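# Examining the three-dimensional arrangement
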Amino acid sequence: MFLRSLAASTALFLATSAMAQQDADTSGIDTEHLVETVRTMASDQFEGRAPGTVGEERTIGYLIGRLQGLGLEPAGEDGTWTQKVPLLHTRLGEPQTLAFAHDGTTTTLEFPKDIYVSTLQPSDNARIDDAPLVFVGYGIDAPERGWDDFKGVDLEGKVAVFLVNDPDFHAGEDEPVAGSFGGRTMTYYGRWTYKFAEASRQGAVGALIVHETEAAGYGWNVIESPGGENYDVVRKPEEVTSLALQGWISGETATALFADAGYDLAELSKTARRKDFQPIDLDTTVSASFPVTQEVVDSQNVLAKITGTARPDETVIYGAHWDAYGEGKPDAQGRIYRAGANDDALGVAGLFEIARAFKAAPAPERSVVFAFWTAEERGLLGSEYYAANPLFPLARTVANFDLDILQTAGLAKDVILVGKGQGTLEDDLARFAAEQGRTVSEESLPERGLFFRADHFSLAKRGVPVMLMMGIAGASDLVEGGKEAGQAWVDAYTGDCYHAACDAWSEEWNLAGAAQDIALFRDMGAELANSDKWPGWKDGSEFKAVREESAAVRGD
Ligand SMILES: [Zn+2]
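Structural notes, computed from the coordinates. (Residues numbered from 1 in each chain as written. Predicted model: local features only at pLDDT ≥ 70, side-chain atom pairs only at ≥ 80, totals over all residues. Heavy atoms only, no water.)

### What about the environment of Gln 96?
Let me state the cut-off plainly: Secondary structure elements follow DSSP: runs of H or I no shorter than four residues count as helices, runs of E no shorter than two count as strands, and numbering proceeds from the N terminus. Only heavy atoms matter for contacts: two residues are in contact if any of them lie within 4.5 Å across the pair.
Looking at the secondary structure, you find Gln 96 in the loop between β2 (82–92) and β3 (97–102). Setting aside chain neighbours within four positions, we find Gln 96 in contact with Asn 125, Ser 289, Phe 290 and Pro 291.

### Some details on the packing of helix α2 (residues 31–41) against helix α9 (residues 341–360)
To keep things clear, this is the line we draw: Inter-axis angles, ranging from 0 to 180 degrees, are taken between N-to-C directions of lines fitted to C-alpha atoms, where helices are fitted over the stretch in contact. What sets the label is the angle itself: under 35 degrees gives roughly parallel, over 145 gives roughly antiparallel, 65 to 115 gives roughly perpendicular, and the rest give oblique. By convention, the crossing between two helices is left-handed when the near helix turns anticlockwise from the far helix through less than a right angle, and right-handed when the turn is clockwise. Just so you know the grouping, Ala, Val, Leu, Ile, Met, Phe, Trp, Tyr, Cys and Pro go in nonpolar, Asp, Glu, Lys and Arg go in charged, and all remaining residues, Gly too, go in polar.
Two elements in contact, α2 and α9, have axes separated by 8 Å at closest approach and are oriented at 135 degrees. With respect to each other, α2 and α9 are oriented oblique. Our pair here, α2 against α9, has a crossing hand that is right-handed. Of the residues in α9, those touching α2 at His 33, Leu 34, Thr 37, Val 38 and Met 41 are Ala 341, Ala 345, Leu 346, Val 348, Ala 349, Gly 350, Phe 352, Glu 353 and Arg 356. Class assignment for the residues of the contact of α2 with α9 results in nine nonpolar, three polar and two charged.

### A closer look at the environment of Phe 100
Along the chain, the position of Phe 100 falls in strand β3. Separated by 184 residues in the primary sequence, Phe 100 and Thr 284 have C-alpha atoms spaced 6.5 Å apart. Contacts of Phe 100, omitting those with residues within four sequence positions, involve Thr 105, Thr 106, Thr 107, Leu 109, Ile 115, Leu 133, Ile 249, Thr 253, Leu 257, Thr 284, Thr 285 and Val 286.

### Concerning the state of the cysteines
Cut-off, in case you're wondering: The criterion for a disulfide is a pair of cysteine sulfur atoms lying within 2.5 Å. Under the scheme applied here, a residue whose accessible area is under 20% of the maximum for its type counts as buried, over 50% as exposed, and between as partly exposed, the area being computed with a 1.4 Å probe on protein chains only.
For the structure shown, the criterion picks out one disulfide. One disulfide bridge connects Cys 497 with Cys 502, the sulfur atoms lying 1.8 Å from each other. The class of Cys 502 is partly exposed, set by a relative accessible area of 25%.

### Quick notes on the pattern of salt bridges
What counts, and what does not: Within this document, salt bridges are pairs made up of a side-chain nitrogen of Lys or Arg and a carboxyl oxygen of Asp or Glu, the two lying within 4 Å of each other.
Here the structure, examined in full by the defined rule, presents 32 salt bridges. With its nearest N and O atoms 2.7 Å apart, the salt bridge here joins Arg 145 to Glu 144. With relative accessibility at 38%, the residue Glu 144 sits in the partly exposed group. Beyond isolated ion pairs, a larger network of salt bridges with shared partners links Asp 232, Arg 235, Glu 384, Lys 461 and Arg 462.

Here it is as structure tokens:
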């Protein structure tokens, strides 16, 4: 039974893939369908698809209509198509207090020039009173690497000060730490999201990351650009962060803070690259008080499924985000909506095409879920809410495939892999790419940590094996024009259109390469949906341990 249906449905997909070597149109992905979806979702009627707006209402209605038309089943809450996602939106006002105190001297700080912070606590006032500052190096607790920066220090009621990125980012080849955190490749421990979460786990009331342009990957202008605003999902009281304020301290301010306490930041940064680093009390306290405006925005994920015939409680989940940036200032052509045609209406269009292929094939043995996340652009929040409140158990979620920005410059000889070395799905990707006559290339700037910056990551950090397709992760080796043309496309998109009104559909789009990328995910998911295999994490992945905690549930 199992073998027969596996053979039947993979044969279908493999046949279409093999033909794709000669002609992209036989990938089985209909590029006309893709265009139609993108043009609809990016039209003015949808007002840039910002969560909580009339644009959301229209988008949700449109998605549900399409899913019904495709013959899928609702997979949201209580037999509906949606999962409610309440979002917390906060904004800091002008600080009433913001100062360091050391040895009887108070130093007033300027916001956002010296320190940039925001809050994710649902409170009208974000306040820290005379909390001791403790330098915790890179602030990493990574048992699988035998690394613990905290060494049991008590952070309760204190403010943790961190270095950005991970300990081997600046390390020379002769240092023992070299290569143990992926070299230039950023690990999860290098991300500010990890550092804030870890500080909260340890009970700190505040967290400040020392800014440094090279290791952060961006300048202070990017840090301060949200203007004191932040978003989170609404959390249960026991899951609200312990951090009243979280953010960044400028390199200059940090250097002065350390010097006042009798330390050299540059020297201590080197010490922090050692396993035997000990946290340092900076003999300084910080006080801060900001008025906070807060509101709850009601948004929704949309979920649909095809129920598996043999093992319906095991799920392969495809994802893309429906939200975009809403309304903004008019661009040169007078466009006010930042409609995310590529980011991520094209991903949504890809999911519809994958769903269409699944419906045309014999029903899969495992269930296949199609998730259309909200609020990706606010910080992966729709997928985070789902992962914190899953509608299908994560322990039996086989894999998550996420489409978020596809290249629109035509056929490519390769596919770009994001997060090399993380999971076994990359081996499947290489195998299916070879079926298409393509090779796998690595993302070009792994130090940017793209692997941690799209919706698949909300599931990955809870152990679900994942794969992300993101066209701007590197220069595709285009059939016409090679890598140079691929890089030119990436530069043009990221330079002009990313998160801007210019991310609009254009007649110049050539979706032949995107169709192949979508077909790859369709085929990888179809194989898993018709097998009893459980993909996993590779040795050294920071997510292997959390998946293994639930190994008994899968019998692997
Ligand atoms: Zn996106």
